[in-house]
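Coordinates in review
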Amino acid sequence: MQNKTIIWLFVSLLAIATTYVLSFGVVTKNFQEEARNYAEAYRDSLAGTGLSGESLDSAVFSLEKKYLRDSSESEIYPVFGHTYNYLKDRELKLGLDLQGGMSVTLEVSIPDLIIALSDNNKNQNFRNAIDKARQAQKNSTDDYITLFERAWKEENAGTELWRLFSTTENTDKFPPKSSDEDIIKILRQEAEDAINNTENIIRKRIDQFGVTSPNVQKLSLSGRILVELPGVDDRERVRKQLKSTANLEFWETYFASESLPLISQINTELAKSQNPELFDTDSASADSTSADTLKTAADSTLTAQNDTLSSDTTKQESLEEIRKKNPIFTLLNPQVRNNGCEVGFAMVSDTARINRMLNSAEAKRILPAEMMLLWGAKTEKNIATLYALRDGSLKRKAELDGASIIDARQDFRPLTGEVIISMTMSSDKGAPIWRRMTEKAAADNKRPVAITMDNLVLTAPNVNEAIPNGRSEITLGTGTDRTKQIQEATDLAGLLKAGSLPAPAKIVDETTVGPTLGEENINSGLLSFIFAFLAILAYMIFYYAWAGIAANIALIANLFFLIGALISMGGVLTMPGIAGIVLTIGMAVDANVIIYERVREELRGGKSMQAALKDGYAKALSAIVDGNVTTFLTGVVLFVIGSGPIRGFATTLMIGIVTSLFSAIVISRLIFYYRIDRKKSISFDTNITRNWFTNFNFDFVGKRKRFYLISAIVIGAGIASWAVRGFNMGVEFQGGTSFTVAFAENIDSDALRNNLSTMLVNEDGSQTSNTVQTVAASNKEFKIVTNYLRNSDATDREELVESKMNEVLGKMGPAFTIAKVEKVDPAISDDFRTDAILSTIFALLIIGIYITIRFRMLNYAIGATVALFHDVLVTLAAFTLLNGIVPFSLEINQVFIGALLTIVGYSINDTVVIFDRIREYMAGRRNSDTKQIINDALNSTLGRTINTSMTVFITLLVMFIFGSDDIKGFCFALIVGVISGSYSTLFIAVPVVVDLGATKKEESVKPAVA
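This structure is a prediction, so every number in the text was calculated from the model and none was measured. (Residues numbered from 1 in each chain as written. Predicted model: local features only at pLDDT ≥ 70, side-chain atom pairs only at ≥ 80, totals over all residues. Heavy atoms only, no water.)

Turning next to the overall build of the chain. From N to C terminus, the chain includes 33 helices and 25 strands. In the chain, the share of contacts with a sequence separation of at least 24, taken over all contacts with a separation of at least 6, comes to 75%. Carbon together with sulfur atoms contributes 55% to the accessible area of the chain, which is approximately 45,400 Å² in total. (Helix = DSSP H or I, 4+ residues; strand = E, 2+ residues; numbered from the N terminus. Contact = heavy atoms within 4.5 Å. Areas by Shrake-Rupley, 256 points an atom, 1.4 Å probe, with all protein chains shown as cover.)

To continue, consider the confidence of the model for the chain. Looking at the chain, pLDDT values average 80 and 88% of them are 70 or higher. Taken element by element, the predicted model of the chain shows its lowest mean pLDDT in helix H13 (residues 291-306) (46) and its highest in strand E10 (residues 371-375) (94). Across residues 282-291, confidence stays below pLDDT 50; counting only partners more than four residues off in sequence or on other chains, it has ten contacts. Overall, residues 998-1010 carries pLDDT values under 50, and its contacts beyond four positions in sequence, including any with other chains, amount to 29 contacts. (pLDDT = per-residue confidence, 0-100.)

Bringing the packing of helix H8 (residues 144-155) against helix H10 (residues 180-205) into the picture now. Working note: a packed helix pair is described by the angle between its axes plus the distance between those axes. Where H8 contacts H10, the axes come no closer than 10 Å and their chain directions differ by 150°. Taken together, the axis directions place H8 and H10 in an arrangement best described as roughly antiparallel. Like other packed secondary-structure pairs, H8 and H10 cross with a definite hand, here right-handed. Contacts between H8 and H10 involve Ile145, Thr146, Phe148, Glu149 and Trp152 from the former and Asp180, Ile184, Leu187, Arg188 and Ala191 from the latter. (Axes fitted to C-alpha atoms, helices over the stretch in contact; angles between N-to-C directions. Parallel < 35°, antiparallel > 145°, perpendicular 65-115°, else oblique. Left-handed = near helix turned anticlockwise from the far one by under 90°.)

This part is about the packing of aromatic side chains. Under the defined criterion, the tally for this structure stands at 33 aromatic pairs. Here the aromatic residues Tyr539, Phe542, Tyr543, Tyr544, Trp546, Tyr596 and Phe672 are joined through ring pairs into a cluster of three or more. The side chain of Arg90 reaches across the aromatic face of Tyr86, ending 3.6 Å from its centre. The cationic tip of Arg447 hangs over the ring face of Phe255; the distance from NZ or CZ to the ring centre is 4.1 Å. (Phe/Tyr/Trp six-rings, centres within 6.5 Å; stacked < 30°, edge-to-face > 60°. Lys NZ or Arg CZ within 6 Å of the ring centre and 35° of its normal.)

This part takes up the pattern of salt bridges. If charged atoms from side chains of opposite charge come close, those side chains can pair. Taken as a whole, this structure holds 32 salt bridges when the rule is applied. Taking the shortest distance from any N to any O, the salt bridge between Asp57 and Arg43 comes out at 3.0 Å. With Asp57 in helix H3 (residues 53-70) and Arg43 in helix H2 (residues 43-47), this pair connects stretches of sequence that are 14 residues apart. On the accessibility criterion, Asp57 (41% relative accessible area) is partly exposed. Among the ionic pairs, Lys619 bridges to Glu602, the shortest N-O distance being 3.0 Å. A residue pair is termed long-range when its members are at least 10 positions apart, and Lys619 in helix H22 (residues 609-641) and Glu602 in helix H21 (residues 575-604) qualify at 17 residues. (Salt bridge = Lys/Arg side-chain N within 4 Å of Asp/Glu carboxyl O. Buried < 20%, exposed > 50% of the residue type's maximum accessible area, 1.4 Å probe, protein only.)

With that out of the way, let us pick up the sheet that holds strand E13 (residues 405-412). If you trace the three strands from one edge of the open sheet to the other, you get E13-E14-E17, paired in antiparallel fashion. A single partner strand is all that each edge strand has here, and the edge strands are E13 and strand E17 (471-475). Taken over all neighbouring pairs, the strand axes of this sheet differ in orientation by 20° on average, direction set aside. Direction of pairing for strand E14 (residues 419-425) relative to E17: antiparallel, over a ladder of five bridges. (Pairing = 2+ DSSP bridges.)

Time to look at helix H15 (residues 351-358). Within the sequence span of H15, burial applies to Thr351, Ile354, Met357 and Leu358. Buried positions in H15, seen along its axis, are confined to an arc of 120° and lie on one side of it. Against helix H12 (256-274), strand E9 (342-347), helix H16 (361-366), E10 and strand E11 (383-390) lie the buried residues of H15. (Arc of directions from axis to C-beta.)

Pairing in this open sheet of eight strands is antiparallel, and the strands run E5-E6-E4-E18-E24-E21-E23-E22 from one edge to the other. Edge positions in the open sheet fall to strand E5 (215-218) and strand E22 (770-774), since each of these has one partner strand only. Across the sheet, the mean angle separating the axes of adjacent strands is 20° when strand polarity is ignored. Relative to strand E24 (residues 816-824), strand E21 (residues 736-743) runs antiparallel, the two sharing eight bridges. In the sheet register, Thr740 faces E24, and the bridge partner there is Lys820. Relative to E24, helix H27 (residues 797-810) is tilted by about 145°, and along the sheet it contacts strand E18 (505-513), E21, strand E23 (781-786) and E24.

Another point: the packing of helix H6 (residues 110-117) against H8. Between H6 and H8, the shortest axis-to-axis distance is 10 Å and the interhelical angle comes to 60°. As judged from the angle between their axes, H6 and H8 are oblique. Where H6 crosses over H8, the two elements pack in a sense that is right-handed. Note on element contacts: H8 touches H6 through Tyr144, Ile145 and Phe148, opposite Ile110, Pro111 and Ile114. A breakdown of the residues in the contact of H6 with H8 according to their chemical character gives six nonpolar, no polar and no charged. (Nonpolar A, V, L, I, M, F, W, Y, C, P; charged D, E, K, R; others polar.)

Time to look at a nonpolar patch on the surface. Residues Ile837, Ile841, Phe842, Leu845, Ile846, Ile849 and Ile853 make up a contiguous nonpolar surface patch of roughly 660 Å² in combined accessible area. Topologically, Leu845 is positioned in helix H28 (residues 826-855). (Patch = residues over 30% accessible without salt bridge, like charges linked within 9 Å, V, L, I, M, F, W, Y side chains within 5 Å.)

Of all nine residues in E18, eight are buried; the element is thus mostly enclosed. Where strand E4 (residues 101-108) lies against E18, eight bridges are found, and the strand directions are antiparallel. By the bridge assignment, Met102 is partnered in E18 with Thr512. As paired elements, E18 and E24 share five bridges and run antiparallel to each other. Bridge pairing in E24 places Glu510 opposite Lys823.

Glancing now at the nonpolar core. Counting residues in each nonpolar core, the largest one holds 128 residues, and the members touching the most others are Tyr596, Leu613, Phe672, Ile851 and Phe915. Among the elements that make up this core, the one with the highest residue count is helix H33 (residues 965-997) (18 residues). When near neighbours in sequence (up to four residues on either side) are disregarded, Tyr596 contacts Met540, Tyr544, Ala547, Gly548, Ala550, Ala551, Phe672 and Phe684. In terms of nonpolar packing, the next biggest core, distinct from the first, is built from 41 residues, Phe126, Ile130, Ile145 and Leu229 among them. (Core = buried A, V, L, I, M, F, W, Y, C linked by side-chain atoms within 4.5 Å.)

It is worth spelling out the environment of Met347 at this point. With respect to the element layout, Met347 can be found in strand E9. With 15 residues separating them along the chain, Met347 and Leu332 place their C-alpha atoms 8.1 Å apart. Residues contacting Met347, with those up to four places away along its chain left out, are Asp70, Asn382 and Ile383.

This paragraph deals with the environment of Trp152. Mapped onto the secondary structure, Trp152 falls in helix H8. A relative accessible area of 3% places Trp152 in the buried class. C-alpha of Trp152 to C-alpha of Lys132: the two residues are 20 residues apart in sequence and 8.9 Å apart in space. Other than its neighbours up to four places away in sequence, Trp152 contacts Asn125, Phe126, Ala129, Thr159, Leu161, Leu164 and Asp180.

Turning to unusual backbone geometry, a few remarks are in order. Despite not being glycine, Asn120 has its phi angle at roughly 60°, a positive value. Structurally, the position occupied by Asn120 is in the loop between H6 and helix H7 (124-136). Looking at Asn120, the relative accessible area reads 39%, which means it is partly exposed. In this model, Lys679 sits at a positive phi of 55°, which is unusual for a non-glycine residue. With respect to the helices and strands, the residue Lys679 is situated in the loop between helix H23 (645-677) and helix H24 (704-724). According to the relative accessible area criterion, Lys679 is exposed, its value standing at 77%.

On to H3. What sets the pattern is the α-helix's 3.6 residues per turn: residues three or four places apart point alike. Between its first and last C-alpha, H3 extends 26 Å over 18 residues, near the 26 Å set by a 1.5 Å rise per residue. For H3, the full list of buried residues reads Leu56, Ala59, Val60, Leu63, Glu64, Tyr67 and Leu68. Contacts made by the buried residues of H3 are with helix H1 (4-40), H2 and helix H4 (84-90). (Expected span 1.5 Å × (residues − 1).)

Okay, the side chain of Asn755 next. Positionally, Asn755 belongs in helix H26 (residues 749-759). Among residues more than four places away in sequence, those in contact with Asn755 are Leu760, Val808, Lys811 and Met812.

This part covers the side chain of Asn592. When you line up the elements, Asn592 lands in helix H21. Relative accessible area serves as the criterion here: at 2%, Asn592 is assigned to the buried category. If near-sequence neighbours (up to four positions away) are discounted, Asn592 is found in contact with Met540, Ala551, Ala664 and Ser668.

Along the polypeptide, Lys65 turns up in helix H3. Along the sequence, Lys65 and Ala39 sit 26 residues apart, while their C-alpha atoms lie 8.8 Å from each other.

Right, dumping it as structure tokens:
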């Protein structure tokens, strides 16, 4: 082996890098433990305030979260200068199925957006095109704008599209005389902006949920927005926040010099009411305190809190006294800026406590009714800004709102190059009000105007002069980081523009997993992983002796590098992801098995150990690369077209293939040569396994028609069962709502079905379709799928369905908990079905093309493709034949499609390895009978086929036994697929190749002894 030193150096550097990223989780966990200990130290003090039970636990937990949030920018990894936030964002994240939480997919209604941009135009052809495109979207993967363009061309009766959109307000956006193509481009940009702006708004809103490591991302192919909120279980609150339209408003403000004295009075009154013994009842009030004096006093107070107490305690107040005398200013640092409306700054974790004080009875007596105190939307280093706004209506109703904004965009001031935001108001409503507001503010010492969204202040710029025409410029200030300024301006412009979005975001897919179920999934996932891994390690040592130990070291290294790569890529570990890791390790054995079987062949041929190793690795390389490339291509299809858990599985599968190749080809080889250099012995078998699978003599080719018949019977039975019984279609493919429910006691499942049929009736009086399936053969746990209100347009549809389901379940008697809820809109279920079909077709097509190019013979590609269809059909047959018979769910859903494509990847890997051996035999025995060569090739590789199938089968069986109920169907599909894949390689793929290339005259050929 050449360049061993360089390779050892590379492996060492890779190991160091992997250890570095793995250390993130360790450091983060230690810091979280420190926060937990800090909070627990205050348990007794909190108990002294009267708290107990759940209230006390909640208070301790809140204190722990406050510690983490306040210290999030502190360096906790001093060697590298990393903060808690930095490490938290980069550690291995757990999916919602492992920690509980809520996942929501939102969709902005582009049809409503287009109608609004046309100023609600009633043109019949236009409305027909809108409806036609909406219907076409159900069965198409094209975006809505493309479908609308197509529908408009069909419906248009000579009207130019610009005439529908170029209204008085929209002239700048939709120039008159524009071509239809130009208008479509503008609409496409507006649709993209609407989605981006909605995403931006959602990012601002999720901070209200106090979620650690939330995930908000735009789904690239559909334009939908995925929101994942770990640890959240208040479904109604989340839905309300995410579905509501942007509430953008413009407010007059108070100067800080006007508001701070009032807050000082509140501070004093609260201190007196809570600790009257600290005050002289004859002392003067703080009514006349000036803002500057207050600022100076507050700064002194805050400084004193951080100073060490002197030994002369009679001359200096204790820190505790300072806190008691300043309940607000202990948390709020006052800020006086000339002509500014910023009241002060506070840690984000303290804002709730400050709000409670500012809403107290004392505060209500002091603050004028017009004053609103709101926090800023932007935070830096976990510090938030408090603003003082004026509500002239006394009804929390702004005179001007976001509906008046026509456009907003980031721009530059022509002469100075300053970063600005250009904002345009509607001329009929917005501009006149804006003129009055800016005239008043400019005349009053350039008073700021605050712009708020969802009761958070986006910005509060000072008004330098009146704006008569509705066209404004907002300057962000002078910053040294110009790139950051541009990004901030772009984000703010998007939020301003989003203030006029005409349609709320619609929830099209929703999943909620309870924390208990998440914990169960973690335990079962880890348990299945540990047992599967140990089973593989034991089998490799049993079969290959010392070489098995080398393979195990390579497998452990593979796992080490795989997890490191997953962290580096920002991957999320889910239950299917754990399955992907375990399955990857099982399949990683295949590369070692191919190499070891080759080495054993070379050793039986009389070669020395070093020569056998060299030739074995060289001859195995082609089969290993071909097999893994085809599986990797399947993973790519899964990743591109799949979503959610399927993407997680595909990510681990693709990373695992790369790390498996590296570990098997490089690391195990380094171990062998390290041992050879030190003249140590190496064994590739034991006395028991030495001659296993070496003398097979089976006529695969001659008996192929018998196996065609067996396959035809199994697939035919599956087709008949599908025609009669159908499939258990998951909620993703039919739309509706799925509930996983656990009762405290056994119940009658038939009574549950009857209650569902009786009580769940659609708005139009039609009967609902409901399925009830027991979980793990228990009469306590059930999975219920219903299409109740599936097609309803009610804005609170989700709440109505859950309320009715709670009523049905409550009627059963025993207490119950809903561990998991999944809701899928019919529109997205259509997309799921389309994606499933396309992903399967693309996978088969890509694999067929690769095999045709790689083997340069079409019959090989046809044989492989027929075998893959065979495996898909056999797995489907098992799911329809055994549905309702086995004590676990055999549901056709996205996870099942992921399993199918994994089966395709595994099966083609198996097939390619054997095709590679056939090609090798063909090249070396050109004058021999083709069928004889194929029989010999199949018999010579049978040891590898059985060993690989055995390790993968054991892995899946352990996962099936110890895994959670959520993953049993997935594992079962893979078990069926592995058996079918090994079978189809030997008895379908290769025989089809023979039949496509054989002569008309059939001959029975006995195989030679390998």
